[in-house]
Amino acid sequence: MEKKLTLESQSGKRNIGVDLLRLVAVFMIVLLHVVRGTFPASSAAYIWCDAFLLGAFNVIALIAGYAYCAEKFNPGRTIRLWITGIFYGAVFYLITSAVKGGFSWTKFIKNFFPVLTGNSYFWFFAPYILLLLLVPVFNFAVEKLPRKGYLIGLCFFTVFFSLVQFAADPWGIADGRSILWLAYLYFIGAYFRKYGFPVRKWWANLCIFVCSSAATAGLFLLAQNINVKFWDPRYANYFHQYNCIFALAGAIALLALFAQLPIKESAEKTMRYFSAHSLGIYLSQSFLILYFIQLINHSEWNIGLRLVTVLGFSVCIFFAAFIIEAVRKLLFRFAKIDALTDLIGKKIQGKTEE
């Protein structure tokens, strides 16, 4: 008989491989942004790199479901993350205004609240914050849903999100950027935390990731050349969107691969420290890339040199963003913001549990 894992039985157990995957996913996002800022969208390098990196945003939401479904809701963590977004939005706008001029209080206020005003740099951040606020509701559903009904629901929404691209999409979710898509990913991550992964071999999960990514690129190239009456050329864009079934499969394979890595517990402290900087790295990397991408945009470079330069530049951006986030954390600790958010979070949690 298959053993059903309850969320209570897993609480308190931290998966170090998932912490490592957080960092890998954020680096993939950095690399994705550098590639998109360097290569023309029609180039082979862009298409293939994009296909292998596209699922990184999906991985972040999958990790949220996998990690938080077995934990108590922590309002303080969500409030602190929101304030972090405010910090980066305000600071980046002030720096931009100082360099380029044209300061505007209206734009400053808009950048001060990226979650509410839809700052384009933080498009993923706004629905992710909402996702975290809904964690208690999601976890209640995860705990109560029977396994069969849970699986049927996931299968239904897998088909739904795959087909919505080819419909009118009145909900505006075709590109996989909405809270609905992130919520769906949360439930997938929670499902695998509760019931385990169907594929347990690391090499098999790696193979699924590689094959899914290659299929994304290959089908995109094929879809561009379809010339039949009912086929709209825009349908080819499905293979470069976050809700593409192959991008989803690759992201799940990465989660399964890293969640089952045999990492020594002695590495937990170090991994948790670096992993705690991951979302801060994401928030600052777009700004850094925007300002420094011109350093590697030399059209005379051949493809090999450009790819190596893109990789090296991405590593530099990643570590620069890590240093910025480490300084931000020190500032918050010195200003007692962490202690304040923890206190507010405990008061909120106490009220909700009464």
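Further up the page is the structure itself.
As the structure is a computational prediction, the values presented were derived from the model and not from experiment.

(A) Up close: the layout of surface pockets. Taken as a whole, the largest pocket holds about 1,100 Å³ of empty space. The wall of the largest pocket is formed by 40 residues, among which Arg14, Arg77, Ser275, Ala276 and Lys329 lie closest to the centre. Mapped onto the lining of the largest pocket, the elements with two or more residues apiece are α2 (16-38), α4 (56-68), α5 (75-100), α8 (125-133), α14 (268-275), α15 (278-292), α16 (303-334) and α17 (337-353). Among the elements that take part in the lining of the largest pocket, α16 stands out by supplying six residues, more than any other. Here the lining of the largest pocket is composed, by residue class, of 15 nonpolar, ten polar and 15 charged.

(B) Molecular detail of the packing of α2 against helix α3 (residues 44-53). At a closest axis distance of 10 Å, the pairing of α2 and α3 adopts a crossing angle of 160 degrees. It follows that α2 is roughly antiparallel to α3 by the angle criterion. You can see that α2 and α3 cross each other, and the crossing is left-handed. The segment α2 lies against α3, with Met28, Leu31, Leu32, Val35 and Arg36 engaging Tyr46, Cys49, Asp50, Phe52 and Leu53.

(C) Representation of unusual backbone geometry in the model. Phi is positive for Lys336, close to 65 degrees, though the residue is something other than glycine. Position of Lys336 among the secondary structure elements: in the loop between α16 and α17. Note on Lys336: relative accessible area 57%, which makes it exposed.

(D) Quick look at the pattern of salt bridges. Enumeration over the complete set of coordinates arrives at seven salt bridges. Salt-bridge contacts for Asp338 lead to Arg80; the nearest nitrogen and oxygen are separated by 4.0 Å. Taken together, the positions of Asp338 in helix α17 and Arg80 in helix α5 put the pair 258 residues apart, joining distant regions of the chain. Judged by relative accessible area, which is 18%, Asp338 ranks as buried. Of the charged contacts, one joins Asp342 and Arg80 as a salt bridge, the two residues approaching to 2.9 Å between their closest N and O atoms.

(E) Representation of the nonpolar core. With 102 residues, the main nonpolar core has Tyr128, Leu185, Ile188 and Tyr282 as its most contacted residues. Residues in contact with Ile188, not counting those within four places in the same chain, are Leu62, Leu154, Leu248 and Ile252.

(F) Seen up close, the packing of helix α11 (residues 179-195) against helix α13 (residues 245-259). At a closest axis distance of 12 Å, the pairing of α11 and α13 adopts a crossing angle of 35 degrees. Remark: the crossing between α11 and α13 carries right-handed chirality. Residues Trp181, Tyr184, Leu185, Ile188, Gly189 and Phe192 of α11 form the contact with α13, whose own contacting residues are Leu248, Ile252 and Leu255. Classifying every residue of the contact of α11 with α13 gives eight nonpolar, one polar and no charged.

(G) Inspection of α16 at higher detail. Here α16 is 32 residues long and its end C-alpha atoms lie 46 Å apart, about the 46 Å a rise of 1.5 Å per residue gives. Within two residues after α16, Lys336 carries a phi angle of roughly 65 degrees, on the positive side.

(H) Spotlight on a nonpolar patch on the surface. Among the surface-exposed residues, Trp202, Trp203, Leu206 and Val210 lie close enough to one another that they form a single nonpolar patch of about 440 Å² accessible area. Mapping Leu206 onto the fold places it in helix α12 (residues 202-224).

(I) View of the side chain of Thr309. Here Thr309 is to be found in helix α16. There is a polar contact of 2.7 Å between the side chain of Thr309 and the backbone oxygen of Leu305. Discounting residues that sit within four places of it in the chain, Thr309 has contacts with Ile296 and Trp301.

(J) Local environment of α13. Taking 1.5 Å as the rise per residue, α13 with 15 residues should run 21 Å; its terminal C-alpha atoms sit 21 Å apart, in good agreement. What α13 keeps buried is the set Ala247, Leu248, Gly250, Ala251, Ile252, Ala253, Leu254, Leu255, Ala256, Leu257, Phe258 and Ala259.

(K) Region of interest: the packing of aromatic side chains. If you walk through the whole model with that rule in mind, you get 36 aromatic pairs. Between Phe87 and Phe332 the ring centres are 5.6 Å apart and the planes differ by 85 degrees, which places this aromatic pair in the edge-to-face class. Within this pair, whereas Phe87 is found in helix α5, its partner Phe332 is found in helix α16, the two being separated by 245 residues in sequence. Take Phe332: its relative accessible area is 4%, and that puts it in the buried class. The interplanar angle of 70 degrees and the centroid separation of 5.3 Å between the aromatic rings of Phe160 and Phe161 together place this pair among those described as edge-to-face. Exposure remark for Phe160: the relative accessible area of 24% places this residue in the partly exposed category. An aromatic cluster of three or more residues is present, and its members are Tyr66, Phe138, Tyr150, Tyr186, Phe187, Tyr191, Phe192, Tyr195 and Phe197.

About the criteria used
- Residues numbered from 1 in each chain as written.
- Predicted model: local features only at pLDDT ≥ 70, side-chain atom pairs only at ≥ 80, totals over all residues.
- Heavy atoms only, no water.
- 1 Å grid on protein atoms, 1.4 Å probe; cavity = no way out; pocket = protein on both sides within 12 Å on 5 of 7 lines; lining within 4 Å.
- Points joined across faces, edges and corners; volume = space filled by probe spheres on them.
- Helix = DSSP H or I, 4+ residues; strand = E, 2+ residues; numbered from the N terminus.
- Nonpolar A, V, L, I, M, F, W, Y, C, P; charged D, E, K, R; others polar.
- Axes fitted to C-alpha atoms, helices over the stretch in contact; angles between N-to-C directions.
- Parallel < 35°, antiparallel > 145°, perpendicular 65-115°, else oblique.
- Left-handed = near helix turned anticlockwise from the far one by under 90°.
- Contact = heavy atoms within 4.5 Å.
- Buried < 20%, exposed > 50% of the residue type's maximum accessible area, 1.4 Å probe, protein only.
- Salt bridge = Lys/Arg side-chain N within 4 Å of Asp/Glu carboxyl O.
- Core = buried A, V, L, I, M, F, W, Y, C linked by side-chain atoms within 4.5 Å.
- Expected span 1.5 Å × (residues − 1).
- Patch = residues over 30% accessible without salt bridge, like charges linked within 9 Å, V, L, I, M, F, W, Y side chains within 5 Å.
- Areas by Shrake-Rupley, 256 points an atom, 1.4 Å probe, with all protein chains shown as cover.
- Polar contact = N/O pair within 3.5 Å; in protein donor to acceptor, adjacent residues only side chain to side chain.
- Phe/Tyr/Trp six-rings, centres within 6.5 Å; stacked < 30°, edge-to-face > 60°.

By themselves, these are just geometric observations and shouldn't be taken as functional.
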